[in-house]
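# Observations on the model geometry
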Amino acid sequence: MTEFDPQAPLTTGGQHGYLRIATEEAWATQELMDEWRRMIEAGEGGTGFHSLIGHYVTSDSDRARFVREHLVDSGERRIAHMDAAGVDHAILALTSPGTQAFGADVGTRIARNANDELAEAIKKHPTRFSGLAAVSFEDVPAAVAELERAVNELGLKGLIVNSHIRGRYLSEQEFWPILEAVEALDVPLYLHPNTPNDSMIGTLYEAGLDGSVFGFQVETSMHALKMITSGVFDRFPKLRMVLGHMGEALPFWLYRLDYMHGGMVKAGRYPAIKPLQRTISEYVRENIWITTSGMPAPEPILFSRKVLGDDRVMYAMDYPYNYEPDEVRMQDALPLSLPEKKAFFQDIALDVFDLDENVIRGA
Ligand code: 1DF
Ligand code: MN
C-alpha cells in the first residue's frame, strides 16, 4: 500500500493546491429518523430495513451512536469534523434508504420537507454544503414535480436514489419519467446503496454480509446493470449517473460483462436480454462517474482511473459512516500529479454536480 504520513496536518482552503469536495455525504432529518424508529418498533418494513436501520436507531454501540448523532447535523458539528479532516465542501444526500421504505404519501411528505431543510442548511453555509434532492419514487408524477422544484427553486444539484424501491428498480419503465426529468434538468442521478431487496437478502443476511460490508455492493452494482441492460441509457443517452464505493466494483468487471452479455444476446437465451446500442463497458465509461466513498486504498483507485479515464473518478468520504482523517491522507498521497489530484478532489465534482467554485471559496 502507498505510504502516507499519519501525522500530516489536514487543513481546508487548498493546502495542497486543490479544494477537497466530498461527494457522497450522508444526512437525515429528524422527521425521517422518527418515522424509521416508529416503523422499527411497529415491526414494519423488510429484512434489510430492520437489519440496517434497526441497528442504527436502536444500538448502543459507539459506531451506531456516532452515526445517528451526526447524521442529523447539518451545521457546526459536521463542519468541525470537515475542518478536522480537511474537507472543504460536502455534497449531502438523504441517507439510505431515504424515503424508500415508505409508501407514496409519507415518502412524498418527508422528501419534500428534507429538501426544504437541506436548502436552508446550504443557504446558511454555502461555502461548505451542496445537496441532492430526495423524492418518493412511489408516486412518479409527484417525484418529477418535486425534483423540478428542488433543482429549479431550491438549487439542489442532482437526485439521490438509495437503490431498490421496496423491491423494484429503475429498469422498470414505470419510473422512466423520473429519469427523463433528470436528463432534461441536466443533473446527475446518484445511485447509492441499500441493503439487498427481500427476495435476495436471505443468504447474505444469515452470514452478516447484507450491509455495507458487501451486500450493498451486490445490490447496487446489480441495480446499475439492470438499468443498463433494460435500455435506460439507450432511451436517455445523456443521463449522467454516479456510483459510489469505487463504482460498486463494476470497473473490474468490464471485459466479462461485455463478453457474456454479448454472447447471451446472440444466443437469445433470455427474452428480457435485448440487444443494446452500445456495449456495457461503453455505458459504464460514457454515462457513469464513480466516487471513492469508503474505498480509500490506492490500488483500486488507480485501476479505476486507468479503465474508466482520469476524468471519471472523484473523491468522497461517506461521512458519518467513514469518518477517518487517515483516509483523506491516503488519498492526498496517491501517486498522481498535482493537476490529476486537483481533478480527483475538486474539478470533476465541480463539473459533474455543476458547483460554483467561487461560491465554495467564498469569493
Ligand atoms: C452504511 C454505509 C450505512 C453507507 C449507510 O446508510 C451508508 C453502513 C445507512 O456502514 O452501515 O450509506 N455507505 O454508503 O457506505
Ligand atoms: Mn454512502
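This section reports on the structure supplied with the text.

Parameters and conventions
- Residues numbered from 1 in each chain as written.
- Chains lettered and ligands numbered in written order.
- Predicted model: local features only at pLDDT ≥ 70, side-chain atom pairs only at ≥ 80, totals over all residues.
- Heavy atoms only, no water.
- Helix = DSSP H or I, 4+ residues; strand = E, 2+ residues; numbered from the N terminus.
- Rg over C-alpha atoms; globule rule 2.2 N^0.38 Å.
- Buried < 20%, exposed > 50% of the residue type's maximum accessible area, 1.4 Å probe, protein only.
- Contact = heavy atoms within 4.5 Å.
- Lys, Arg positive; Asp, Glu negative; His and termini not counted.
- Charge placed at Lys NZ, Arg CZ, Asp CG, Glu CD.
- Donors = N, O, S within 2.8 Å, 3.2 Å for Na, K, Ca; no water.
- Pairing = 2+ DSSP bridges.
- Axes fitted to C-alpha atoms, helices over the stretch in contact; angles between N-to-C directions.
- Salt bridge = Lys/Arg side-chain N within 4 Å of Asp/Glu carboxyl O.

### With respect to the overall build of the protein chain
- Secondary structure assignment for the protein chain yields 17 helices and 8 strands.
- For the protein chain, whose C-alpha radius of gyration is 19 Å, the value lies close to the compact-globule estimate of 21 Å for 363 residues.
- Over its C-alpha atoms, taken along the principal directions, the protein chain stretches across nearly 55 × 50 × 45 Å.
- In the protein chain, which comprises 363 residues, the proportion classed as buried is 55%.
- Considering only contacts within the protein chain whose residues lie at least 6 apart along the sequence, 76% involve residues at least 24 apart.
- In the protein chain, 34 side chains carry a positive charge and 53 a negative one; their mean positions are 3 Å apart.

### Notes on the coordination of the manganese ion (ligand 2)
- Those protein atoms acting as donors to the manganese ion (ligand 2) are E24 (OE), H192 (NE2) and D318 (OD), and they sit at 2.0 to 2.3 Å.
- Sequence positions of the donors to the manganese ion (ligand 2) reduce to the motif E-x167-H-x125-D. One end of the pair, H192, is in strand β5 (residues 189–192); the other, D318, is in the loop between β8 (313–314) and α15 (325–332), and 126 residues separate them in sequence.
- Its relative accessible area of 10% is what places H192 among the buried residues.

### Some words on the sheet that holds strand β6 (residues 241–243)
- One open sheet holds the 5 strands; their spatial order is β4-β5-β6-β7-β8, and the pairing between them is parallel. Among the strands making up the open sheet, the edge pair consists of β4 (159–162) and β8.
- Inspection of the sheet shows β5 paired to β6 by 3 bridges, in the parallel sense. Counterpart to L189 in the pairing with β6 is M241.
- Helix α13 (residues 280–287) contacts β6 and β7 (288–291) of the sheet and is inclined by roughly 70° relative to β7.

### A closer look at the pattern of salt bridges
- All told, the structure shown has 21 salt bridges when counted by the stated rule.
- Notably, a salt bridge pairs E120 with K123, separated by 4.0 Å at the nearest N-O pair. In this pair, E120 and K123 both sit in helix α5 (residues 104–124), 3 residues apart, roughly one turn of the helix.
- Assessed through its relative accessible area of 47%, E120 is described here as partly exposed.
- For the salt bridge of E286 with R278, the shortest nitrogen-to-oxygen distance reads 2.8 Å.
- When its relative accessible area of 42% is taken as the criterion, E286 is described as partly exposed.
- Salt bridges sharing common partners tie together R112, D116, E146 and R149.

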